[in-house]
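Remarks on the overall topology
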Amino acid sequence: MKRRSVVFMILGLLMITAGCTGTQTKTDSAVIEIPEIAYDYYELDNGLKIYVVEDHAVPLVKFEIWYNVGSIDEPERISGISHMLEHTMFLGTESLGKDKVHHLTKQVGGWANAGTYYDFTMYEEELPSAKLELAMAIEADRMRNLKIDPEEFGREQQVVAQERRMRMENNFFMSSMEEIQAAAFTEHPLHHSIIGWMESIHNYTVDDMRAYYMQYYAPNNAVITVSGDVDSKEVFAMARKYFGSYEPQDVTRLGVTEPDQTEERFLKLEKETQVPLIGMIYKIPEGDHEDIVALEALNAVLVNNATSRINSVLKNEKKMIMQAGSFLLSVRDPGYLFVFLIPMSVDSMESVKDSFDAEITRLIQEGVTEEELAAVKKSVLKSRIFSLKSKGSFASLLAINTLRFDNPGLYKEQYESLSHLTGEDIKDAAEKYLVSTKRTVGFVVPEGK
Amino acid sequence: MKRYIVFIIALAFFIPAVRAEVQFSPELFDDLAQSVNKVPEIKIPDYERFVLNNGLTVYLVEDHSLPIIEMAGFIKGGRAHERQDIAGISDFMTDLMKTGTANRTQQEMDRFKELHGLSFGMGVKRDYFTLNGNALIEDSGYLLDLISDVLMNPKFDADYYQRKLMELYQGLSMARSQDPVLVDMIFYRYMYGDHPYGYDSDIDLVTNAVQNYSPEKLMEYYRATIAPNMTVLVFSGDFSIKEMKKEIKKAFSQWEKAPLTLPHQKSLAPKDKYGKIYIIHKKTATQAKIKMGFDLFSRDYPEETSFRMANMVYGSGSFECRLMDTLRVEKGYAYDARAGYNANKLGGEYAVTTDVEPDKALDTYQTVIREMNDILNRVKPITDEELFKTVNFFNALMPKFYVESIDVLESVVLNVEIWNESADRINEMIQKYNSIDAATAQREFEKNLDPEHFMTVILGDKDQIVPQFEEAGIPVEIIEM
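Residues numbered from 1 in each chain as written. Chains lettered and ligands numbered in written order. Predicted model: local features only at pLDDT ≥ 70, side-chain atom pairs only at ≥ 80, totals over all residues. Heavy atoms only, no water.

**Considering empty space enclosed by the protein**
- Counted by the stated rule, this structure contains 3 cavities of 30 Å³ or more.
- Lining the largest cavity are Lys-389 of chain A together with Asp-63, Ser-65, Leu-66, Ile-68, Glu-70, Ser-236, Gly-237 and Glu-404 of chain B.
- Listing elements by their share of the lining of the largest cavity, those giving two or more residues are strand E4 (68-76) and strand E7 (231-237) of chain B.
- The class makeup of the residues in the lining of the largest cavity is 2 nonpolar, 3 polar and 4 charged. (1 Å grid on protein atoms, 1.4 Å probe; cavity = no way out; pocket = protein on both sides within 12 Å on 5 of 7 lines; lining within 4 Å. Points joined across faces, edges and corners; volume = space filled by probe spheres on them. Helix = DSSP H or I, 4+ residues; strand = E, 2+ residues; numbered from the N terminus. Nonpolar A, V, L, I, M, F, W, Y, C, P; charged D, E, K, R; others polar.)

Structure follows, in structure tokens:
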């Protein structure tokens, strides 16, 4: 067991260059101490990793188990099966009846849930800290002893199909994004969304599910996080008791690489919408790549900040768009930057796209201002300090960085990179990644337009 | 009608149990799941309340756990001030107030907030406006400056006015593509009729009203709704109350008091739509989006806590509630099904919501009613066990919502200043729900709910949905959008 607790010193991040009209209750400081959250770590012989973040504020505990498998591990025929497996895990084991997980956790005053992402699947229980063992037992049992009753499995397929109707099919933004993403990735499983295609959902077999479960649900492919009113040593002892006898297994992955994109892809989608939408996908590297921090800053400066180039010029000055937004899909494999723009009219879509490109060119030619850089750094510093309010979120961060990159401290490295980030770095990222020949553009228009 | 294959395989597949130190069994799990949680007590932090000469009420609490400051606030009145001809104006007014002021252009405002890491928001509720904000403690002065500037110095005739108006029109147009918005428009229009509580959901009404907006109208509305003597602010953070009090006085003392009154309390509309079913036709919809409900009690209803416990059993939305148990676990129809309610100052509404495949619409409608009737007719009354689980759940989780000082104090202030309730309302509620029995919960459920009065709105393809109801002899009205 290794205990880590340090105080992280950040220098110079509050050196704001702009003038201000406000009064101050305290003098600005060039140094701010960010208290680091302490955590304990333990690894069982079978490779199961466990992080514990003690937090004694209230007598509750959150138990989470993270499996290193998600939709990017799925062959196209069984797209969405990671998510279907997440649902199937609530159908029970020999000892846990169908939906018993919910009933047992509710009985002690807690709740259970789960989530699937592109590169992980997570199960969680929050309950009174004295009942941690219940969560530990539930997850240990269903890590290896899942029962798949065909009739129940079929019923759950209907639930997942309905979830797809609700989340994707009847939401023009989500369904458009799904199609643009599919066009951007032709070989890699990012071709499909997390929930998968409807055809796949209806066609999974019990054998498909059994094979997938057996392949990925193993101690050496999982990370446990426990945050709350617990004692680390007791948690580790409990983990040994429940998971210690499980054998590790070989985990093989698809190993599919997306071929280089050499020309811009374009698709026009007709949807039941009153307003048009432009969606663009740019390819970016995996989440621990050295350029990710610059890409996140670029994302803020170009699109997401209130004073971003797109908001300032396309929205406020030229009044061409109603809204803009973007996010980085930053995962275990190379991902993407998704940008969306909502033009004021269908007729202006081409000129909106051209103006967007012109802003990228301007950013590359003129660089980033000191103010823009300062705003990004301020935002990240503030987020970092406010994130300390939730120790559960910190535990999740450790788990995700461990699953993806076996580097729980990645967040610190990236924060350190950010403190040294320059405008030149952001400009270089734009030049390297915001390339039209590596982009996929979707024009989403109202039906018949 | 689209049908999907359901797999029916004769034999269950069992994966052999792996040998572990622990032998899993139903008994083991039952044994581990025994727990009776303590009745929690929420600690209300020491705070100071003071009122400035202009009537602004301020609550302060010191919290030195992190170098931050957080603000919450309320302005009495809210959407209840609106009239039909200016429906939705509260949202547009607060949007413009956040965009810029007489002292700062939009660009200056945005830059100021970003460089100093300031967050600030305003929202509109039916009976009050909300405020929230935060910053690092080093920037607390900037935060106060921003809040006071926004509240005191609005500029509605700014150069961005026309652009914001265009964005509003586009936003309303975009809303017409969103199924939940369309369902809510019909539901709340018929629920609240000519009452401001339903205006914001009615995109037709708001779209018509927008043409009546003008900078002058907005200023007039601002003067009728926003004033220090209607406002309560709460600050929590890494400051000394003594110093912060000085800063607040400096920031807000110039804000002039106004002789405002709360909105006229007109009664809610008559319920002539109850018992009816409306189908909003959308040919391309691949699901039926269902909302069923009726009017409910107002905020001051004395047995609200008992009703809440009963309704959790029926439709909390979690897996153990009756609706989820039937519609998802047993039938596999829905991903989510829940029953919720809003209790406003003048009256509230109750609604069951779910989404299902179109050919399941009738059965879902009938299941929602049957499950409610099974409780009402005491075929399956609320049991002691169900109530115990609900109370036990609340007892365990309630403290986590009141860990942060700002959350506790915000709740205290809402109860005291907006609802005229006790400062200890949170703990009173905890005592209350721990004192009720299944019979009390059952009685409250029976007293307040009646499926005969359900007004139902279903969005979907009428060609798939209507025949089901016609065959069952249930009349429906079609709404073409």
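Moving on from the model shown.
**Observations regarding helix H13 (residues 391-405) of chain A**
All names here are of chain A.
- Helix length check: H13 (15 residues) gives 21 Å between terminal C-alpha atoms against 21 Å at 1.5 Å per residue, within 8%.
- Of all 15 residues that make up H13, 11 are buried, and the element is covered over most of its length.
- Burial in H13 covers these residues: Phe-394, Ala-395, Ser-396, Leu-398, Ala-399, Ile-400, Asn-401, Thr-402, Leu-403, Arg-404 and Phe-405.
- Directly after H13, the chain includes Asp-406, whose backbone phi takes a positive value near 50°. (Expected span 1.5 Å × (residues − 1). Buried < 20%, exposed > 50% of the residue type's maximum accessible area, 1.4 Å probe, protein only.)

**So, the packing of helix H5 (residues 161-175) of chain B against helix H7 (residues 203-210) of chain B**
Residues and elements named next belong to chain B.
- Contact geometry of H5 with H7 gives a least axis separation of 10 Å together with a crossing angle of 160°. Overall, the two elements H5 and H7 adopt an arrangement that is roughly antiparallel. Where H5 crosses over H7, the handedness of that crossing is left-handed. Each of Leu-165, Leu-168, Tyr-169, Leu-172 and Ala-175 in H5 lies in contact with H7, whose residues at this interface are Ile-203, Val-206, Thr-207 and Val-210.
- For the contact of H5 with H7, the class distribution of residues is 8 nonpolar, 1 polar and no charged. (Axes fitted to C-alpha atoms, helices over the stretch in contact; angles between N-to-C directions. Parallel < 35°, antiparallel > 145°, perpendicular 65-115°, else oblique. Left-handed = near helix turned anticlockwise from the far one by under 90°. Contact = heavy atoms within 4.5 Å.)

**Notes on helix H2 (residues 89-99) of chain B**
Residues and elements named next belong to chain B.
- In terms of residue burial, H2 counts as a mostly covered element, since 8 of its 11 residues are buried.
- Along H2, the residues that are buried comprise Ile-89, Ser-90, Phe-92, Met-93, Thr-94, Leu-96, Met-97 and Thr-99.
- Elements that come into contact with the buried residues of H2 comprise helix H3 (106-115), strand E5 (119-124), strand E6 (128-136), helix H4 (140-152), H5 and helix H8 (215-225).

**Here's the deal with the environment of Asp-141 of chain A**
- Relative to the elements of secondary structure, Asp-141 of chain A occurs in helix H3 (residues 132-144).
- Note on Asp-141 of chain A: relative accessible area 1%, which makes it buried.
- On a C-alpha basis, the gap between Asp-141 of chain A and Leu-96 of chain A in space is 8.3 Å, while along the polypeptide they are 45 residues apart.
- Not counting residues up to four positions away in its chain, the partners in contact with Asp-141 of chain A are Thr-93, Ser-95, Leu-96, Leu-146 and Tyr-246 of chain A together with Phe-24 and Phe-29 of chain B.
- A polar atom in the side chain of Asp-141 of chain A sits 2.6 Å from the side chain of Thr-93 of chain A. (Polar contact = N/O pair within 3.5 Å; in protein donor to acceptor, adjacent residues only side chain to side chain.)

**A few points about the domain arrangement of chain B**
All names here are of chain B.
- We note that the domain assignment places domain 1 (11-35 + 267-480) and domain 2 (48-252) within chain B.
- Each of domain 1 and domain 2 has a C-alpha centre, and the two are 31 Å apart.
- With 38 residues of domain 1 in contact, the opposing surface of domain 2 contributes 33 residues.
- The contact between domain 1 and domain 2 buries some 3100 Å² in all, and 70% of this surface belongs to carbon and sulfur atoms. (Domains from an automatic or database assignment. Buried area = accessible area lost by both parts, 1.4 Å probe.)

**Points about the pairing of strand E4 (residues 39-43) of chain A**
Residue and element names in this part refer to chain A.
- Bridge count for E4 against strand E5 (residues 49-54) is 4 bridges, and the pairing is antiparallel. What sits directly across from Glu-43, in E5, is Lys-49.
- Here E4 folds back onto E5 in antiparallel fashion, the turn holding 5 residues, of which Gly-47 has a positive phi close to 95°. (Pairing = 2+ DSSP bridges.)

**Re the sheet that holds strand E8 (residues 277-281) of chain B**
Residues and elements named next belong to chain B.
- Reading across the sheet, the 6 strands line up as E10-E11-E9-E12-E8-E13 and stay open at both edges, with mixed pairing between neighbours. Pairing within the sheet leaves two strands with one partner each, and these edge strands are strand E10 (337-342) and strand E13 (477-480). Ignoring which end each strand starts from, the neighbouring axes of this sheet average 20° apart.
- Across 5 bridges, strand E9 (residues 288-296) lies against strand E12 (residues 455-460) in antiparallel orientation. Within E12, the residue paired with Lys-289 across the bridge is Leu-459.

**As for the confidence of the model for chain A**
- Within chain A, residue pLDDT values average 92, and 93% of them lie at 70 or more.
- In this model residues 1-30 of chain A is a low-confidence stretch, pLDDT under 50, and it forms 88 contacts with partners more than four residues away in sequence or in other chains. (pLDDT = per-residue confidence, 0-100.)

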